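Chain and residue survey
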Amino acid sequence: MTINEIQDELISDFELFDEQLDKTQYIIDLGKKLPPIDEKYKTDEYLIHGCQSKVWLAAEFRDGRLYFLGDGEPTAQIAKGLISILIKILSGQKPEDIANADLYIMERVGMGALVTSRRSGGLAAMIQKMKGFGTVYSQLEV
Amino acid sequence: MSHSLDIQAIRNDFPILNELVNGKPLVYFDNAATTQKPRLVLDALSGYYEHYNANIHRGIHFLAEKATSAFEQSRHRLQAFLNAAHAEEIIFTYGTTDGINLVASSYGRTFLKAGDEIIISTMEHHSNIVPWQMLCEEKGCVLKVIPINDEGEILMDEYEKLLTERTKFVSVVHVSNSLGTINPVKEIIAKAHAVGAKVLLDGAQASSHLTIDVQDLDCDFYSLSLHKIYGPTGMGILYGKRDLLNAMPPYRGGGEMIKEVTFEKTTYNELPYKFEAGTPNIADVVAAKFALDYVDTLGKPNIAAYENELLKYATEAVSEIPGLKIIGRAKEKVSVLSFVIDGIHHQDIGVLLDQQGIAVRTGHHCTQPLMNRFNITGTSRASFAVYNTTEEIDKLIVGLHKVQKMLG
Ligand SMILES: Cc1ncc(COP(=O)(O)O)c(C=O)c1O
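Residues numbered from 1 in each chain as written. Chains lettered and ligands numbered in written order. Predicted model: local features only at pLDDT ≥ 70, side-chain atom pairs only at ≥ 80, totals over all residues. Heavy atoms only, no water.

As annotated in an unreviewed UniProt entry, chain B carries the name Probable cysteine desulfurase and is attributed to Dyadobacter luticola. Word for word, the UniProt comment on chain B under Sequence similarities (unreviewed entry) is "Belongs to the class-V pyridoxal-phosphate-dependent aminotransferase family. Csd subfamily." Taken from UniProt, the Function (unreviewed entry) comment for chain B reads in full: "Catalyzes the removal of elemental sulfur and selenium atoms from L-cysteine, L-cystine, L-selenocysteine, and L-selenocystine to produce L-alanine." (UniProt positions renumbered as here; feature names shortened; annotations may be inferred.)

In the nomenclature of an unreviewed UniProt entry, chain A corresponds to SufE family protein from the organism Dyadobacter luticola. The record held by UniProt for chain A lists under Sequence similarities (unreviewed entry) the comment "Belongs to the SufE family."

Next up, the structure:
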């Protein structure tokens, strides 16, 4: 599926909930399902800078596509939920598509404020980091 | 102590309190970051721009006269607010941070030299740390830090041990923004003066809760921001003793701060203008007077008594939240309630309360060294102002239970 197809599918899941708190609960629940990553990735090297909580992200490049591995510290459940959504959408996509992705889903699930407010959210940093991987690997391909 | 305030009437003075956030009535508990503004202040701002906007101290026309007069009235109002001996001891700044930088830069660079010691405390805001670090780096001064106890109180005996003839400056926060602690500043000042050191108080938080008398305190400098006292953003004042301010060189150069300029030599204007280069923030200075009038109409002791009731109510109420720990349990404190909850990141608390219409502050509150002292990365902080109510605190408690349920 393309990035936008995955986003649209997720958005329709979220639209089952009217209340913002229920949407956020869904984000939290998605985070709980995020498979654990190898401890070797939980180092400063993989830390996303700009998050109030600790979130780690690693990328693997195979057959022209980028695969993401991520996790957050156990107490930071919203951050974990958000990285799990980003991984669902972006992992397995082509680097240039990742670099150019328009992640309109965040606005739709009520997390838009976390993208734009640099101080409060690590979300902007997570997106930037993933897109950064996309940019780097799309340039490698050429 | 009981208050005699009509809180509902006060709430009606603040238009923003009618806002809905995420479809819910706003509960604003981020007053330590900035307070909301009463209608009176908003009207003063638009009134200035609608009726007498002009540059000050320069024109002879009617509007310029009127604006200048309103501007200088604010200075006198602030003089009274702090009980300063002279109006020219009130320097208009952009805020607390700006005032501290002025002193570190002008006083510090002129009167401090290599090996001199500057004392601050563990609970300082970054704005009362970094300017001194910059000065230390430039001049080779040494920064010393007063430790605190687990309750969040300054250890006075440790402070005394730090004081020597090398101590030239002490700069401490009057009231901590992260903990709410009211520091024993009068004693701190007297002890510093005994070794010949000058003292600056960071009054960003104290000025909205406590009655401040700079002559009684005998502080050398006092820096505050009006936006934390129901006034406009982007303006504050630095109080300084006249003799000290006179001895200090200007901090910024430009218009207004000069007496005469030639390419060979410029002579500087007198106090307070020497420190007010350029067109100042006239509108906000003018409106500041109305904020202080508002505070005085309610009466600071009334405000303090009511806020203390709110603090007591909230402190008891949060004790029913499992795993919640209050950070900052000083005997003397203002209406700031900082806390952590086992197993929950403060950012999640902030986001989930926000979605319930409740605004608290989460994070390190610009006091990272203080957070390190408590071995935490941040807290959630509810800080109360005169327009808050116990019903709102009840909503906070319900909100926190909901947060725990969602994350459990
Ligand atoms: C204790 C303390 N000091 C200094 C400041 C800085 O104030 P301003 O940002 O208005 O300059 C603040 C504001 O957050 C504060 O709480």
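**So, the nonpolar core**
Among the nonpolar cores identified, the biggest contains 149 residues, and A:Met126, B:Val170 and B:Tyr222 are the most heavily contacted of them. Not counting residues within four places of it along the chain, the set of residues in contact with B:Val170 comprises B:Ile119, B:Tyr159, B:Leu163, B:Ile188, B:Ala192, B:Ala197, B:Lys198, B:Val199 and B:Leu200. (Core = buried A, V, L, I, M, F, W, Y, C linked by side-chain atoms within 4.5 Å. Buried < 20%, exposed > 50% of the residue type's maximum accessible area, 1.4 Å probe, protein only. Contact = heavy atoms within 4.5 Å.)

**Quick look at the packing of aromatic side chains**
Across all of its chains, the model carries 18 aromatic pairs over all chains by this definition. With 5.1 Å between their ring centres and 85° between their planes, A:Tyr41 and A:Tyr46 make a pair best called edge-to-face. Its relative accessible area of 11% is what places A:Tyr41 among the buried residues. Seen in terms of ring centroids, B:Phe14 and B:Tyr294 are 5.6 Å apart; in terms of plane orientation they differ by 80°. Their pairing is edge-to-face. (Phe/Tyr/Trp six-rings, centres within 6.5 Å; stacked < 30°, edge-to-face > 60°.)

**Structural notes on the sheet that holds strand E9 (residues 221–225) of chain B**
All names here are of chain B. The seven strands are arranged E4-E10-E9-E8-E7-E5-E6 in an open sheet whose pairing can be described as mixed. Where the open sheet ends on each side, the last strands, each with one partner, are strand E4 (90–93) and strand E6 (142–146). Going across the sheet, the axis of each strand differs from the next one's by a mean of 20°, ignoring polarity. Across the face of the sheet, helix H3 (residues 62–82) comes into contact with E4, E9 and strand E10 (236–240) while running at roughly 115° to E4. Here helix H4 (residues 96–111) sits on the sheet and contacts E4, strand E7 (167–173), strand E8 (198–202), E9 and E10; the angle it forms with E9, its principal contact strand, is near 150°. (Pairing = 2+ DSSP bridges. Helix = DSSP H or I, 4+ residues; strand = E, 2+ residues; numbered from the N terminus. Axes fitted to C-alpha atoms, helices over the stretch in contact; angles between N-to-C directions.)

**A look at the domain arrangement of chain B**
Residues and elements named next belong to chain B. Taken domain by domain, chain B holds domain 1 (7–30 + 299–407) and domain 2 (43–296). Between domain 1 and domain 2, the residue contacts involve 34 residues of the former and 30 residues of the latter. Buried surface at the junction of domain 1 and domain 2, both sides included, amounts to about 2600 Å², of which 56% is carbon and sulfur. Among the residues of domain 1 in contact with domain 2, Lys300, Val334 and Arg373 are the three that bury the most area, contributing 26% of the side total. The interface formed by domain 1 and domain 2 holds two salt bridges in total. Between Arg373 and Asp150 there is a salt bridge, with its nearest N and O atoms 2.8 Å apart. For the interface between domain 1 and domain 2, the tally reads 21 residue pairs in polar contact (both at pLDDT 80 or more). Elements represented by at least two residues in the side of domain 1 that touches domain 2 include exactly helix H12 (300–318), strand E14 (336–341) and helix H14 (368–373). Here the side of domain 1 that touches domain 2 gets five residues from one element, more than from any other, and that element is H14. Class assignment for the residues of the side of domain 1 that touches domain 2 results in 17 nonpolar, eight polar and nine charged. (Domains from an automatic or database assignment. Buried area = accessible area lost by both parts, 1.4 Å probe. Salt bridge = Lys/Arg side-chain N within 4 Å of Asp/Glu carboxyl O. Polar contact = N/O pair within 3.5 Å; in protein donor to acceptor, adjacent residues only side chain to side chain. Nonpolar A, V, L, I, M, F, W, Y, C, P; charged D, E, K, R; others polar.)

**As for the sheet that holds strand E13 (residues 324–327) of chain B**
Residue and element names in this part refer to chain B. Pairing within the open sheet is antiparallel, and its four strands lie in the order E13-E14-E17-E16. Each of the sheet's edge strands pairs with one partner strand only, and the pair in question is E13 and strand E16 (361–363). The sheet shows a mean angle of 30° between the axes of neighbouring strands, direction not considered. The pairing of E16 with strand E17 (residues 379–383) spans three bridges and is antiparallel. Within E17, the position partnered with Thr362 by the bridge is Ser380.

**Description of the side chain of B:Asn128**
Residue and element names in this part refer to chain B. Structurally, Asn128 is set in the loop between strand E5 (117–121) and helix H5 (130–139). Side-chain polar atoms of Asn128 contact the side chain of Glu124, separated by 2.8 Å. Among residues more than four places away in sequence, those in contact with Asn128 are Ile100, Ile120, Ser171, Val172, Val173, Leu200 and Asp202.

**With respect to the interface of chain B and chain A**
If you look at the interface, chain B gives 18 residues, while chain A gives 22 residues. Summed over both partners, the interface of chain B with chain A comes to about 1500 Å²; 51% of that surface belongs to carbon and sulfur atoms. When the buried surface of chain B facing chain A is broken down by residue, B:Gln347, B:Gln355 and B:Met406 rank first, second and third, together holding 37% of it. For the pair chain B and chain A, the number of links is one salt bridge.

**Topic: the site of the ligand**
Residue and element names in this part refer to chain B. Surveying the vicinity of the ligand reveals 13 residues, the closest of which are Thr97, Asp202, Gln205, Ser225 and Lys228. One of the side-chain N or O atoms of His227 is found 2.8 Å from an oxygen atom in the ligand. Residue Lys228 places a side-chain N or O atom 2.8 Å away from an oxygen atom belonging to the ligand. Taking 400 Å² as the accessible area of the ligand by itself, protein coverage stands at 83%. When grouped by side-chain class, the residues that make up the shell around the ligand number two nonpolar, nine polar and two charged. (Near = heavy atom within 4 Å. Areas by Shrake-Rupley, 256 points an atom, 1.4 Å probe, with all protein chains shown as cover.)

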